[in-house]
Amino acid sequence: MNSVMTPRYVKASKTARAITKSYQTRSGSNLVLDRISFSFPPRTNFGILGKNGAGKSTLLRVIAGTELPDSGQVHWRGLVSWPIGFSGGFNGSLSGEENCRFVARIYGADIDEVVGFTMDFSELGEYFHMPVRTYSSGMRARLAFGLSMAIEFDVYLVDEVTAVGDANFQAKCKKAFAERRDRASVIIVSHNMNTVRAYCERCAVLKRGKLLVFDSVDAASAEYEAA
């Protein structure tokens with residue numbers, strides 16, 4: 001099963017300089033990202049480990065451009081996906097099919113092929129034709145993952161979505177990424193070491209607002225488990 005846009009083989013890259021992000025809470029400002037700088041090499045699957053609440057999803061949204069940092073800059077080359085685990089962008093009044101048609105138009109993809117691919121991949125059955133507001137969180141994640149795979153991105157941003165579904169669906173997710181390894185890269189954030197080991201060659205640890213980058217998953221694992 002192939003995605004429906006012609007591969008472009010762009011050497012996608014992503015860099016950030018001095019990214020800072022904080023949120024206001026009742027007790028004051030909560031600094032989540034503290035002057036983070038990084039450079040993700042092209043066609044390298046990169047994991048970002050962090051405990052719950054460390055700011056992994058915030059960092060991924062900043063990388064995607066769906067959330068702005070307080071200061072700093074993010075630069076990218078190539079077509080970057082939305083965070084795959086993030087399904088909040090769907091219109092709840094529209095069906096899964098109608099949401100797919102809308103996204104396909106935005107990216108200039110063949111609408112019928114995007115719809116067909118996503119319907120088959122997501123395994124939602126009749127729910128695919130029902131309003132997204134009737135979906136469970138897991139069903140939304142399936143739809144978001146299938147739709148992401150239907151479009152040929154240069155970089156796929158993943159937020160824990162590979163844990164969605166049963167063993168067969170998780171195997172399908174892993175196979176989809178493996179098929180794109182030669183022409184795209186993955187940046188995945190997770191608190192699960194096994195997930196990162198299964199998908200990534202390099203890794204970083206997000207801890208106390210700082211991003212510690214390592215050349216290997218094993219080195220990052222040692223730092224993460226010592227936290």
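Preceding this paragraph is the structure being described.
This write-up is about the structure you can find in this document. Because the structure is predicted, anything quoted here is derived from the model rather than measured. (Residues numbered from 1 in each chain as written. Predicted model: local features only at pLDDT ≥ 70, side-chain atom pairs only at ≥ 80, totals over all residues. Heavy atoms only, no water.)

### A short note on the overall build of the protein chain
Right, so step 1: Within the protein chain, the regular secondary structure consists of 7 helices and 8 strands.
Right, so step 2: Evaluated residue by residue, the protein chain yields a buried proportion of 50% over its 227 residues.
Right, so step 3: Long-range contacts, defined as pairs at least 24 residues apart, comprise 69% of the intrachain contacts of the protein chain with a sequence gap of at least 6. (Helix = DSSP H or I, 4+ residues; strand = E, 2+ residues; numbered from the N terminus. Buried < 20%, exposed > 50% of the residue type's maximum accessible area, 1.4 Å probe, protein only. Contact = heavy atoms within 4.5 Å.)

### With respect to helix α5 (residues 167–179)
Right, so step 1: Between its first and last C-alpha atoms α5 spans 18 Å; for 13 residues at 1.5 Å apiece the expected length is 18 Å, and the two agree.
Right, so step 2: Taken together, the buried positions of α5 are occupied by Phe-169, Lys-172, Cys-173, Ala-176 and Phe-177. The arc that holds the buried residues of α5, viewed along the axis, is 135°, so those residues lie on one side. Seen from the open side of α5, the exposed residues pointing more than 90 degrees away from its buried face are Ala-167, Asn-168 and Lys-175. (Expected span 1.5 Å × (residues − 1). Arc of directions from axis to C-beta.)

### Topic: the sheet that holds strand β3 (residues 46–49)
Right, so step 1: Read across the sheet, 5 strands follow the order β5-β6-β3-β7-β8 without closing on themselves; strand pairing throughout is mixed. Both edges of this open sheet fall to β5 (155–159) and β8 (210–214), since each of them pairs with a single strand only. On average, each strand axis in the sheet is tilted by 20° relative to the strand beside it, whichever way the strands run.
Right, so step 2: As paired strands, β3 and strand β7 (residues 202–207) are joined by 4 bridges and run parallel to one another. (Pairing = 2+ DSSP bridges. Axes fitted to C-alpha atoms, helices over the stretch in contact; angles between N-to-C directions.)

### Some thoughts on the side chain of Asn-99
Right, so step 1: Relative to the assigned elements, Asn-99 resides in helix α2 (residues 96–107).
Right, so step 2: Owing to a relative accessible area of 4%, Asn-99 belongs among the buried residues under this scheme.
Right, so step 3: Engagement of the side chain of Asn-99 in a polar contact is seen with the backbone nitrogen of Asn-91, the distance being 2.9 Å.
Right, so step 4: Those residues within four positions of Asn-99 in sequence are excluded, and the remaining contacts are Phe-90, Asn-91, Leu-94 and Val-132. (Polar contact = N/O pair within 3.5 Å; in protein donor to acceptor, adjacent residues only side chain to side chain.)

### A look at the pattern of salt bridges
Right, so step 1: All chains considered together, the criterion is met by 13 salt bridges.
Right, so step 2: Between Lys-210 and Asp-34 there is a salt bridge, with the nearest N and O atoms lying 3.4 Å from each other. Of this pair, Lys-210 sits in strand β8 while Asp-34 is found in strand β2 (residues 28–40), placing the two residues 176 residues apart along the sequence.
Right, so step 3: Of the residues examined, Lys-210 reaches a relative accessible area of 37% and is grouped as partly exposed.
Right, so step 4: Arg-183 is the salt-bridge partner of Glu-152, the closest N and O atoms lying 2.2 Å from each other. With Glu-152 in the loop between α4 (137–149) and β5 and Arg-183 in the loop between α5 and β6 (185–190), the pair connects residues that are 31 residues apart, well separated along the chain. (Salt bridge = Lys/Arg side-chain N within 4 Å of Asp/Glu carboxyl O.)

### So, the nonpolar core
Right, so step 1: Core analysis: the largest hydrophobic core is formed by 44 residues, its most contacted members being Leu-143, Met-149, Tyr-156 and Phe-177.
Right, so step 2: No other element matches the 6 residues that α4 contributes to this core.
Right, so step 3: With near-sequence residues (within four places) excluded, Leu-143 lies in contact with Phe-90, Gly-96, Cys-100, Thr-118, Ser-122, Leu-124, Phe-128, Val-132 and Tyr-135.
Right, so step 4: Core analysis: the second largest hydrophobic core is formed by 22 residues, Phe-40, Val-62, Val-155 and Ala-204 among them. (Core = buried A, V, L, I, M, F, W, Y, C linked by side-chain atoms within 4.5 Å.)

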